[in-house]
Amino acid sequence: MGTLFASDGMFVLLTFLPIIFYLVLMVFAIYFVIKVINFMNEKTKLDREKNEKLTEIIKVLNQ
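Residues numbered from 1 in each chain as written. Predicted model: local features only at pLDDT ≥ 70, side-chain atom pairs only at ≥ 80, totals over all residues. Heavy atoms only, no water.

A. Representation of the overall build of the protein chain in the model. Secondary structure summary: the protein chain contains one helix and zero strands in total. For a compact globule of 63 residues, the expected C-alpha radius of gyration is about 11 Å, and the protein chain comes in at 27 Å, more than 25% above that figure. Projected onto its principal axes, the C-alpha coordinates of the protein chain cover approximately 90 × 15 × 10 Å. By residue count, 0% of the 63 residues in the protein chain fall in the buried class. Counting only carbon and sulfur atoms, one obtains 75% of the accessible surface of the protein chain, whose full area is about 6200 Å². (Helix = DSSP H or I, 4+ residues; strand = E, 2+ residues; numbered from the N terminus. Rg over C-alpha atoms; globule rule 2.2 N^0.38 Å. Buried < 20%, exposed > 50% of the residue type's maximum accessible area, 1.4 Å probe, protein only. Areas by Shrake-Rupley, 256 points an atom, 1.4 Å probe, with all protein chains shown as cover.)

B. Looking closely at the pattern of salt bridges. Within the structure shown, the criterion is met by two salt bridges. The salt bridge partner of Lys45 is Glu42, with a shortest N-O separation of 3.8 Å. One end of the pair is Lys45 and the other is Glu42, both in helix 1 (residues 2-62) and three residues apart, which spans about a single turn. For Lys45, a relative accessible area of 40% corresponds to the partly exposed category. (Salt bridge = Lys/Arg side-chain N within 4 Å of Asp/Glu carboxyl O.)

C. Representation of the environment of Val33 in the model. Mapping Val33 onto the fold places it in helix 1. Counting along the chain gives 18 residues from Val33 to Asn51, while the straight-line C-alpha distance between them is 27 Å.

As structure tokens, this is what we get:
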């Protein structure tokens, strides 16, 4: 009787394993996309600041 319940539990686990894997994969994908967006926003801000500093340097050198 005990092995019957153990195999039923294993069957339930194997049934939900693809769903759990899919959910974990989706959470990782969403996390990755958010991190990439944050990185790109920070990079854009830093590039803008660098361009402003380069413009100031060019203005000083042209005087």
